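Below, each chain spelled out in residue letters.
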Amino acid sequence: MNFENLQKTDPVCHQFVLDEIERQETSLELIPSECIASLSVIEALGSPFTNKYSEGYAKKRYYGGNDVVDQVELLAIERAKEVFGVAHVNVQPYSGSPANLAVYNAVCEVGDTTMGLGLTDGGHITHGLSVSATAKYFNPVLYGLREDGYIDLEQVERLALEHKPKLIWVGATAYPREFPFEAFSKIAEKVGAYLVADIAHISGLVLSGVHASPVPYVHMVTTTTHKTLKGPRGGMIMVTEKGLEKDPDLAKKIDKSVFPGLQGGPHDHQTLAICVALGEALKPEFKVMAQGIVDNAKALAEALKGYGFELATDGTDNHLILMSVGKGRGMFVQDALDVAGITLNKNTIPNEPVSPFFPSGIRMGTPIMTMRGMKVSEMKQVAAWIKRVYDVVAPFEHVVGKEEKKQQRKEFAEFLRTNEELKVIRAEVRELCSKFPIYKG
Ligand SMILES: Cc1ncc(COP(=O)(O)O)c(C=O)c1O
């Protein structure tokens, strides 16, 4: 990658780029919502399409000079329709959250009842969390998980029959199992609700056939483009044949909701990069990679279980694992792993015993490790490091009380700074990463 102009004109910002590349190259990224975009995607994102304004849709723009932009957007739409097998696609949402908001805006009135998975059970903020605009303007009823960590379908049905929602979300940000799209569809039909699958995390797995597709069962699908889809940051909304059968105007409603309902000009450089990523997703290698993500997640899960760790639902069907690390101890494990060069996030676990601020688990995923070329043997190594780091922070327990917490944070920071075992693991992680270069290879 060449940043020679940036180097000349703004050395400070150039150094930021070099530092971030160095961080990504030398660390193990286990955050399941991230990916490694190809150099082609990054070049498209850095192209002069960023200069253009093109409010509206192809052939119906408010500004002139959009002949080339129209071709880009139409090709992105065609490719998305092909890879996902849907009737209509809008590629303009700036990201996943605006895409979800556009769905509400398309089919709900202010005050309408909606349903989604609660945040502490793995749902996304835009599915109706109390602090989100989706709860300010609509009336979300949240469903949850059973004791075993799977979605509680009986509860979904009971709540749907009781509250008659206009819109039901199926999808999550931290759920390690396949979504029961067909069962949701039967429930949505009973109450006449629109059913939307938010496949932000799993879209790359869905298009590869590694995860069941929601398309035959739902009316709309939303996704981000920067997770397992391996594209630039962005969002898409798709309308299925089933959606058009329920509501022949649904495609128009979605387009109107995105623009002019919520957004102005689309980010054309982002649309080009999405188009490139979708082109990559059409290639056979993409499916091999998607299968590898799941194989690696299963291998990592098994290896962690071998060390006695407890996993939500006892394993995974997708790219993601949720693991208990003890009451309120997620942040200790996350911070110590960070020092060791392994990046992931603390997370609530099913039936969380403490709170989202002091969660009792960690969430990890295999997309980036797989995109770097790592396989099952590396997953065993990663599990071993996680166990070692977990043991290092074993003396730190969740405490209550403001002063106790403050004191403990101070001690913990010093502990992280001086611990020798974490330094040893950091060097080992660095060594492994050097064998799987991202951009330097
Ligand atoms: C299920 C789900 N939906 C929507 C989003 C929102 O995407 P963004 O962060 O791009 O707004 C996310 C992001 O993590 C997600 O996990």
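Residues numbered from 1 in each chain as written. Predicted model: local features only at pLDDT ≥ 70, side-chain atom pairs only at ≥ 80, totals over all residues.

The next subject is the overall build of the protein. Along the backbone of the protein there are 18 helices and 14 strands. Relative to a compact globule of 441 residues, whose C-alpha radius of gyration would be 22 Å, the protein shows 22 Å and is just as compact. For the C-alpha atoms alone, the extent of the protein along its principal axes is close to 60 × 60 × 45 Å. Counting only residues that meet the buried cut, the protein has 48% of its 441 residues in that class. Considering only residue pairs separated by 6 or more positions, the protein has 74% of its internal contacts joining residues 24 or more positions apart. (Helix = DSSP H or I, 4+ residues; strand = E, 2+ residues; numbered from the N terminus. Rg over C-alpha atoms; globule rule 2.2 N^0.38 Å. Buried ≥ 20, exposed ≤ 12 C-beta atoms within 10 Å, placed from the backbone. Contact = placed C-beta atoms within 7 Å.)

Another point: helix H17 (residues 402-418). Helix length check: H17 (17 residues) gives 25 Å between terminal C-alpha atoms against 24 Å at 1.5 Å per residue, within 8%. Of all 17 residues in H17, zero are buried; the element is thus mostly exposed. (Expected span 1.5 Å × (residues − 1).)

This part covers the sheet that holds strand S11 (residues 320-324). On the basis of which strands lie adjacent, the open sheet formed by three strands has the order S11-S14-S13 and antiparallel pairing. Two strands close off the open sheet at either side, each with one partner strand: S11 and strand S13 (345-347). Going across the sheet, the axis of each strand differs from the next one's by a mean of 35°, ignoring polarity. Two strands pair when backbone bridges link them, and S11 and strand S14 (residues 361-365) are joined in this way by five bridges, in the antiparallel orientation. The residue bridging leucine 320 from the neighbouring strand is glycine 365, located in S14. Against the sheet, helix H13 (residues 284-306) contacts S11 and S14, and its axis sits at roughly 15° relative to S11. Relative to S13, helix H14 (residues 330-339) is tilted by about 170°, and along the sheet it contacts S13 and S14. (Pairing = 2+ DSSP bridges. Axes fitted to C-alpha atoms, helices over the stretch in contact; angles between N-to-C directions.)

So, on to the site of the ligand. Of all residues adjacent to the ligand, which total 14 residues, the nearest are Ser95, Gly96, Ser97, Thr173 and Ala200. With three residues, helix H5 (residues 96-107) is the largest single contributor of residues to the shell around the ligand. Of the residues that constitute the shell around the ligand, the class distribution is two nonpolar, eleven polar and one charged. (Near = placed C-beta within 6 Å. Nonpolar A, V, L, I, M, F, W, Y, C, P; charged D, E, K, R; others polar.)

What helix H8 (residues 181-191) keeps buried is the set Phe184, Ser185, Ile187 and Ala188. Looking straight down H8, one finds that the buried residues subtend no more than 165° of arc, so they occupy a single side. The exposed set on the far side of H8, more than 90 degrees from its buried face, consists of Glu182, Glu189 and Lys190. Summarising the contacts, the buried residues of H8 are in contact with helix H7 (153-163), strand S7 (167-171) and strand S8 (194-198). A positive backbone phi angle near 70° is found at glycine 192, which sits one or two residues after H8. (Arc of directions from axis to C-beta.)

One broad trend across soluble globular proteins is that nonpolar side chains are buried collectively. Ranked by size, the top nonpolar core spans 123 residues in total, and within it Ala80, Ile168, Met238 and Val389 carry the most contacts. For this core, the leading source of residues is H13, giving nine residues. Residue assignment places this core across two domains, with domain 1 (44-281) and domain 2 (292-434) each supplying three or more. Non-local contacts of alanine 80, meaning those with residues more than four positions away in its chain, are made with Val89, Val91, Met236, Met238 and Leu278. (Core = buried A, V, L, I, M, F, W, Y, C linked by C-beta atoms within 7 Å. Domains from an automatic or database assignment.)

Let us look at the domain arrangement of the protein. One frequently used descriptor of interface size is the decrease in accessible area upon assembly of the parts. Taken domain by domain, the protein comprises domain 1 (44-281) and domain 2 (292-434). Computed from C-alpha atoms alone, the centre-to-centre distance between domain 1 and domain 2 is 30 Å. Across the boundary between the two partners, domain 1 contributes 19 residues, which contact 20 residues of domain 2. Of the residues that constitute the side of domain 1 that touches domain 2, the class distribution is eight nonpolar, five polar and six charged.

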